[in-house]
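The lines below spell out each chain.
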Amino acid sequence: MRVITLTTDFGVSSPYVAAMKGVILDINPEVMIVDVTHAIAPQDVRQGALVLAEVCHRFPADTIHVAVVDPGVGTQRKILFARIGDQDFIAPDNGLLSAVMRRTPPRAMRQVMASHVWLSEVSATFHGRDIMAPVAAQLSLGFEAKKLGPPVSEMVGLDWPEVHVQGGRIEGSVASIDSFGNLITDITAEALAEASLTEGEPVIGCGPHRTRGIYRTYGDQPQSSLIAVVGSGGYLELAVVGGNASKTLEIEVGAAVTVASS
Amino acid sequence: MRVITLTTDFGVSSPYVAAMKGVILDINPEVMIVDVTHAIAPQDVRQGALVLAEVCHRFPADTIHVAVVDPGVGTQRKILFARIGDQDFIAPDNGLLSAVMRRTPPRAMRQVMASHVWLSEVSATFHGRDIMAPVAAQLSLGFEAKKLGPPVSEMVGLDWPEVHVQGGRIEGSVASIDSFGNLITDITAEALAEASLTEGEPVIGCGPHRTRGIYRTYGDQPQSSLIAVVGSGGYLELAVVGGNASKTLEIEVGAAVTVASS
Amino acid sequence: MRVITLTTDFGVSSPYVAAMKGVILDINPEVMIVDVTHAIAPQDVRQGALVLAEVCHRFPADTIHVAVVDPGVGTQRKILFARIGDQDFIAPDNGLLSAVMRRTPPRAMRQVMASHVWLSEVSATFHGRDIMAPVAAQLSLGFEAKKLGPPVSEMVGLDWPEVHVQGGRIEGSVASIDSFGNLITDITAEALAEASLTEGEPVIGCGPHRTRGIYRTYGDQPQSSLIAVVGSGGYLELAVVGGNASKTLEIEVGAAVTVASS
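What counts and what doesn't
- Residues numbered from 1 in each chain as written.
- Chains lettered and ligands numbered in written order.
- Predicted model: local features only at pLDDT ≥ 70, side-chain atom pairs only at ≥ 80, totals over all residues.
- Heavy atoms only, no water.
- Helix = DSSP H or I, 4+ residues; strand = E, 2+ residues; numbered from the N terminus.
- Buried < 20%, exposed > 50% of the residue type's maximum accessible area, 1.4 Å probe, protein only.
- Contact = heavy atoms within 4.5 Å.
- Lys, Arg positive; Asp, Glu negative; His and termini not counted.
- Charge placed at Lys NZ, Arg CZ, Asp CG, Glu CD.
- Least-squares fit on C-alpha atoms with pLDDT ≥ 70 in both.
- Buried area = accessible area lost by both parts, 1.4 Å probe.
- Salt bridge = Lys/Arg side-chain N within 4 Å of Asp/Glu carboxyl O.
- Polar contact = N/O pair within 3.5 Å; in protein donor to acceptor, adjacent residues only side chain to side chain.
- Pairing = 2+ DSSP bridges.
- Nonpolar A, V, L, I, M, F, W, Y, C, P; charged D, E, K, R; others polar.
- Axes fitted to C-alpha atoms, helices over the stretch in contact; angles between N-to-C directions.
- Left-handed = near helix turned anticlockwise from the far one by under 90°.
- Expected span 1.5 Å × (residues − 1).
- 1 Å grid on protein atoms, 1.4 Å probe; cavity = no way out; pocket = protein on both sides within 12 Å on 5 of 7 lines; lining within 4 Å.
- Points joined across faces, edges and corners; volume = space filled by probe spheres on them.
- Patch = residues over 30% accessible without salt bridge, like charges linked within 9 Å, V, L, I, M, F, W, Y side chains within 5 Å.
- Areas by Shrake-Rupley, 256 points an atom, 1.4 Å probe, with all protein chains shown as cover.

Undergrad: Help me out: how do you make sense of the overall build of chain A in this one?
TA: Each helix and strand counted, chain A has 6 helices and 15 strands in total. When its C-alpha atoms are laid out on the principal axes, chain A stretches across 65 × 35 × 35 Å. A total of 262 residues make up chain A; the buried ones form 58% of that total. Sequence-distant contacts in chain A: of pairs separated by 6 or more residues, those separated by 24 or more amount to 65%. Across chain A, the centroid of the 19 positively charged side chains sits 4 Å from that of the 28 negatively charged ones.

The following block contains the structure:
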């Protein structure tokens with residue numbers, strides 16, 4: 001059984017999601033549809049890109065990931081098909097696949113052009129339903145990707161902030177905030193290992209807040225402590241034990257985070 | 001594989017939804033269950049009716065749509081089965097199916113009476129779980145609709161506001177607001193074509209707000225503009241490009257919308 | 001087809017849920033995954049326990065229920081497997097299964113230890129994805145529960161408030177509030193039957209509010225009335241007809257509820 005996942009900014013339980021599912025099931029009633037999330041902030045391509053990169057590799061080989069955060073719907077922006085690792089992706093060409101591709105370069109990219117596998121009526125404002133959903137359903141039935149459209153070699157990227165590692169000091173930022181209020185940074189476990197941090201516990205700073213040491217898990221410090229851990233996605237993360245770090249510390253996405261020798 | 005969809009006012013991720021799914025899967029573990037939405041405002045039959053009409057026809061033939069917005073649960077109100085087009089519907093008789101039926105008259109309607117296919121214990125407050133879910137599951141297994149109960153010819157309706165088209169002027173209203181804040185009116189593309197709008201761009205008005213012209217898609221105007229498009233459901237829609245029209249304009253469901261020659 | 005349910009505090013549409021689903025489908029792409037809820041308040045083990053107990057028995061025999069409300073993740077707390085009735089449960093040993101077990105004592109409990117069926121890399125902060133999801137997927141493929149780890153006879157419990165029945169008076173409390181704002185108490189229909197309430201309608205009190213009589217369903221009283229019914233889960237419930245009792249009465253979980261002869 002093939003799996004199709006959906007990642008959108010349509011909002012939780014939007015009927016737009018159901019419309020896409022109806023279209024998919026009308027073409028292939030045997031496919032398994034899984035929601036990645038529909039809670040991407042409206043038109044926040046960057047957040048969509050990060051969420052997709054965080055979870056897509058957990059899915060089986062040949063999963064088809066459909067991502068629709070698409071402020072340019074109906075304009076000249078392309079719709080992309082990409083083969084990345086052993087999975088397929090369909091998304092507007094606006095950077096939505098850029099975080100996945102930073103991790104794993106695509107094996108093939110095509111512009112989705114073959115309109116005979118789209119819905120017969122295509123609106124100008126909902127290509128997720130009228131183009132991307134039927135294309136994904138056709139792929140799940142074995143339609144060959146090479147028939148979708150011509151190869152493309154370039155895609156629209158996003159400016160991702162860089163992490164600086166120098167002289168025993170790492171400078172990064174908060175990339176996302178999870179539903180517990182944990183601050184997920186863009187500083188990887190590898191960056192922590194490679195930085196020439198001197199012996200002793202590093203000091204992690206974010207805005208006016210400081211915490212010392214990087215722990216295995218939240219339960220390693222008392223309730224309400226600010227704690228740093230390497231989270232389940234492999235990134236340095238700041239949390240308030242039993243609480244909500246984002247609310248307590250009043251920190252938002254983009255805030256600078258530093259790691260320095262103590 | 002048969003599909004059963006669920007449309008309720010139970011709230012996102014309410015365990016009441018899971019109870020219905022458990023009941024369905026206990027009877028037919030091979031059925032595909034799809035959420036249309038559970039975010040209908042509590043007891044808002046009108047909103048439920050609109051959402052159902054917007055998405056149901058996207059699903060495969062023989063899909064069974066179960067809709068539960070049911071303030072009269074346990075009272076004398078009937079539970080309806082309807083065959084509409086090539087799909088089945090189960091819902092309380094309170095107008096919840098009226099928007100679907102305005103689009104496509106039912107081929108058959110029955111009162112759901114055959115209690116031997118209900119749960120053995122039926123509560124007075126949750127017929128979605130105790131009656132509608134098991135009936136849908138039985139239908140998905142091939143139970144014949146004609147055995148559900150006697151035919152009915154009348155059902156409870158809702159007063160839908162009328163759209164007036166006269167002398168080059170259309171008067172309608174905001175029927176729903178989507179998760180992007182777009183204002184979806186009840187003015188169809190057909191009404192726009194039929195109105196004797198004079199040459200030139202029409203002026204669309206809503207409350208104190210005015211916009212000129214009807215565009216193909218949001219990206220056809222600059223960020224933050226108020227724009228009118230014919231949306232993906234075939235209705236005239238007012239949007240703020242890259243923003244939230246409902247919040248920005250402080251417009252709610254029911255607000256009057258006019259289209260006039262310029 | 002086997003069913004796996006998920007009950008977590010990850011938040012609605014959290015990508016953490018999708019990560020668990022990806023892991024499960026990568027091991028068994030034929031399993032049916034159903035969300036019970038992801039809207040448990042963060043780290044609210046008690047609420048998770050109640051929701052699980054409310055809906056699990058609606059699912060088919062051999063359903064595998066995975067519950068992840070896990071503030072102690074990565075610490076010495078155990079992960080439990082339990083066979084309860086004809087279903088399987090996997091959860092941290094923190095009381096999350098205690099409400100289910102109050103209703104039905106477990107037939108077997110084991111500590112989940114067999115790390116060869118976990119993901120090859122196990123984070124310290126997300127055992128739902130790295131241990132519980134793959135264990136559930138393996139069970140759905142027929143992996144024998146007795147190979148998961150050694151039997152355990154004790155588990156962590158929760159202090160559940162007691163309901164007192166004495167002299168024609170019942171004292172209980174509000175156990176949960178549903179998405180309609182209905183106040184679900186811990187007073188069962190059995191307790192109501194067993195209490196020596198004298199003839200006449202009982203008086204139900206909650207905070208400064210009083211209502212007389214226990215009705216079949218909400219529609220038995222006029223709009224905006226405070227009404228008591230025995231709800232669909234078998235518990236006494238206070239509702240405002242067509243409204244939201246929790247908001248209107250300003251009552252929260254834990255509030256005392258009394259039933260007395262009139």
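Now, onward.
Undergrad: Sorry if this is basic, but what is going on with the relation of the copies chain C and chain B here?
TA: One chain copy maps onto the other through a rotation about an axis and a shift parallel to that axis. With an RMSD of 0.0 Å, chain C superimposes on chain B once it is rotated by 120° and translated 0.0 Å along the axis. Viewed as a symmetry operation, the transformation between the two copies matches a three-fold axis. For chain C, the minimum C-alpha distance to the rotation axis belongs to V12 of chain C and amounts to 4.3 Å. Little of the interface of chain C is mirrored in chain B: 3% of its interface residues are interface residues there too.

Undergrad: Explain the interface of chain C and chain B to me, please; I cannot follow it from the model alone.
TA: How big an interface is tends to be reported as the loss of accessible area on association of its parts. Counting residues at the interface gives 30 residues for chain C and 29 residues for chain B. Between chain C and chain B lies a buried interface of about 2400 Å² when both sides are counted; carbon and sulfur atoms form 60% of it. Taken together, the links from chain C to chain B amount to 0 salt bridges. One can count 7 residue pairs in polar contact (both at pLDDT 80 or more) joining chain C with chain B. If you list the elements that add at least two residues to the side of chain C that touches chain B, you get β2 (32-37) and α2 (45-55) of chain C.

Undergrad: Help me out: how do you make sense of the pairing of strand β11 (residues 209-212) of chain A in this one?
TA: Strand residues, when the strand is regular, have side chains that alternate between the two faces of the sheet. All names here are of chain A. The sheet contact formed by strand β10 (residues 203-206) and β11 spans 4 bridges and is antiparallel. When the sheet's bridge partners are listed, G205 is paired in β11 with R210. In this antiparallel pair of consecutive strands, β10 and β11, the connection spans 2 residues, and G207 shows a positive phi of 55°.

Undergrad: Can you help me understand the interface of chain C and chain A in this one?
TA: Each partner contributes to the interface: chain C provides 29 residues, whereas chain A provides 30 residues. In total, chain C and chain A occlude about 2400 Å² of area from one another, counting both sides; carbon and sulfur atoms represent 60% of this. Contact with chain A buries surface across chain C, with S13, Y16 and T125 of chain C losing the most and accounting together for 22% of the total. Run the count over chain C and chain A and you get 0 salt bridges. Our count for the contact surface shared by chain C and chain A stands at 7 residue pairs in polar contact (both at pLDDT 80 or more). Here the side of chain C that touches chain A gets 9 residues from one element, more than from any other, and that element is helix α1 (residues 15-27) of chain C. Classifying every residue of the side of chain C that touches chain A gives 15 nonpolar, 9 polar and 5 charged.

Undergrad: Explanation requested: the pairing of strand β5 (residues 87-92) of chain B in the structure shown.
TA: Residue and element names in this part refer to chain B. The buried count for β5 comes to 6 of 6 residues, which makes it a mostly enclosed element. The alternating pattern of β5 places Q87, F89 and A91 and D88, I90 and P92 on opposite faces, both of which are buried. Bridging between strand β3 (residues 64-68) and β5 involves 3 bridges; their strand directions are parallel. By the bridge assignment for β5, I64 is matched with D88. As paired elements, strand β4 (residues 79-84) and β5 share 6 bridges and run antiparallel to each other. When the sheet's bridge partners are listed, I79 is paired in β5 with P92. Hairpin connection of β4 to β5: 2 residues between the antiparallel strands, including G85 at a positive phi of 60°.

Undergrad: Honestly, the relation of the copies chain C and chain A in this entry has me stumped. Any pointers?
TA: Turning chain C through 120° and shifting it by 0.0 Å along the axis lays it on chain A, with an RMSD of 0.0 Å. By residue overlap, the copies meet through two different surfaces: only 3% of the interface positions of chain C are interface positions in chain A.

Undergrad: What am I meant to see in the sheet that holds β4 of chain B here?
TA: Sheets are built from strands paired through backbone hydrogen bonds, the pairs being either parallel or antiparallel. Residues and elements named next belong to chain B. The mixed open sheet is built from 6 strands, whose spatial order is β2-β1-β3-β5-β4-β6. Taken across any chain shown, the strands that pair with only one partner, and hence form the sheet edges, are β2 (32-37) and β6 (106-111). Across the sheet, the axes of successive neighbouring strands diverge by a mean angle of 20°, strand direction being ignored. Here strand β1 (residues 3-8) pairs with β3 via 5 bridges, running parallel. Paired with T8 across the bridge in β3 is V68. Against the sheet, helix α2 (residues 45-55) touches β1, β2, β3 and β5, its axis set at about 125° to β2. With respect to the sheet, helix α4 (residues 127-140) is in contact with β1, β3, β4 and β5, its orientation differing from that of β3 by roughly 175°.

Undergrad: Teacher, can you tell me more about the packing of helix α1 (residues 15-27) of chain A against helix α4 (residues 127-140) of chain A here?
TA: For any two helices packed against each other, one specifies the inter-axial angle together with the distance between the axes. All names here are of chain A. Packing of α1 against α4 leaves a shortest axis separation of 9 Å and a crossing angle of 35°. Relative to α4, α1 is oriented so that their crossing is right-handed. Contacts between α1 and α4 involve A19, M20, V23, I24 and I27 on the former and, on the latter, G128, R129, A133, P134, A137 and Q138. Residues that form the contact of α1 with α4 fall into these classes: 8 nonpolar, 2 polar and 1 charged.

Undergrad: Explanation requested: the environment of F10 of chain C in the structure shown.
TA: Inspection of the secondary structure puts F10 of chain C in the loop between β1 (3-8) and α1. For the pair F10 of chain C and P151 of chain C, spaced 141 residues apart in sequence, the C-alpha to C-alpha distance is 29 Å. In contact with F10 of chain C, other than residues within four places in its own chain, are S179 and F180 of chain A together with Y16, V17, M20, H38, V68 and F126 of chain C.

Undergrad: Teacher, can you tell me more about helix α1 (residues 15-27) of chain B here?
TA: Structurally, the α-helix is built with 3.6 residues per turn, so residues lying three or four positions apart point the same way. All names here are of chain B. Here α1 contains 13 residues, and its C-alpha end-to-end distance of 19 Å stays within 8% of the 18 Å for a straight helix at 1.5 Å per residue. Of all 13 residues making up α1, 11 are buried, and the element is well covered by its neighbours. Among all positions in α1, only P15, Y16, V17, A18, A19, M20, K21, G22, V23, I24 and L25 are buried. Where α1 starts, the residue carrying a side-chain oxygen 3.0 Å from the main-chain nitrogen of Y16 turns out to be S14.

Undergrad: Would you explain empty space enclosed by the protein in this entry?
TA: Leftover empty space is mapped by rolling, across the atoms, a probe with the size of a water molecule. As enumerated under the stated definition, the model contains 2 cavities of 30 Å³ or more in all. Here the largest cavity defines a volume of roughly 800 Å³. Every residue lining the largest cavity is counted, 40 residues in all, and those nearest its centre are K21 and D35 of chain A, K21 and D35 of chain B together with D35 of chain C. Of all elements in the fold, only α1 and β2 (32-37) of chain A, α1 and β2 of chain B together with α1 and β2 of chain C reach the threshold of two or more residues within the lining of the largest cavity. Among the residues making up the lining of the largest cavity, the classes are represented as 23 nonpolar, 11 polar and 6 charged.

Undergrad: Would you mind showing me how to read a nonpolar patch on the surface here?
TA: A grouping of M1 of chain A, M1 of chain B together with M1 of chain C is seen on the molecular surface, where their side chains present a nonpolar patch of about 230 Å² in accessible area. Looking at where M1 of chain B falls in the secondary structure, it is placed in the segment before β1. Residue M1 of chain B is classed as partly exposed on the basis of its relative accessible area of 35%.

Undergrad: What is the right way to read the pattern of salt bridges from this model?
TA: Inspection of every chain in the model, using the stated rule, returns 27 salt bridges over all chains. With a closest N to O distance of 2.8 Å, R83 of chain A and D88 of chain A form a salt bridge. A salt bridge links R77 of chain B to D70 of chain B; the shortest N-O distance between them is 2.8 Å. There is no split in this pair, since R77 of chain B and D70 of chain B are both buried. Salt bridges sharing partners connect three or more residues here, namely R2, D62, R83 and D88 of chain A.

Undergrad: What's the story with the sheet that holds strand β3 (residues 64-68) of chain A in this structure? I'm lost.
TA: The sheet built from 6 strands is open, its strands ordered β2-β1-β3-β5-β4-β6 (chain A) with mixed pairing. Two strands bound the open sheet, and with one partner strand each, they are β2 and β6 (106-111) of chain A. Put simply, the sheet's adjacent strands are angled 20° from each other on average, direction ignored. The pairing of strand β4 (residues 79-84) of chain A with β6 of chain A spans 5 bridges and is classified as antiparallel. Within β6 of chain A, the residue paired with R83 of chain A across the bridge is A108 of chain A. Packed onto the sheet, α1 of chain A meets β1 (3-8), β2 and β3 of chain A and runs at close to 160° relative to β1 of chain A. Relative to the sheet, α1 of chain C contacts β1 and β2 of chain A, its axis offset from that of β2 of chain A by approximately 150°.

Function cannot be inferred from these measures alone, as they are strictly geometric.
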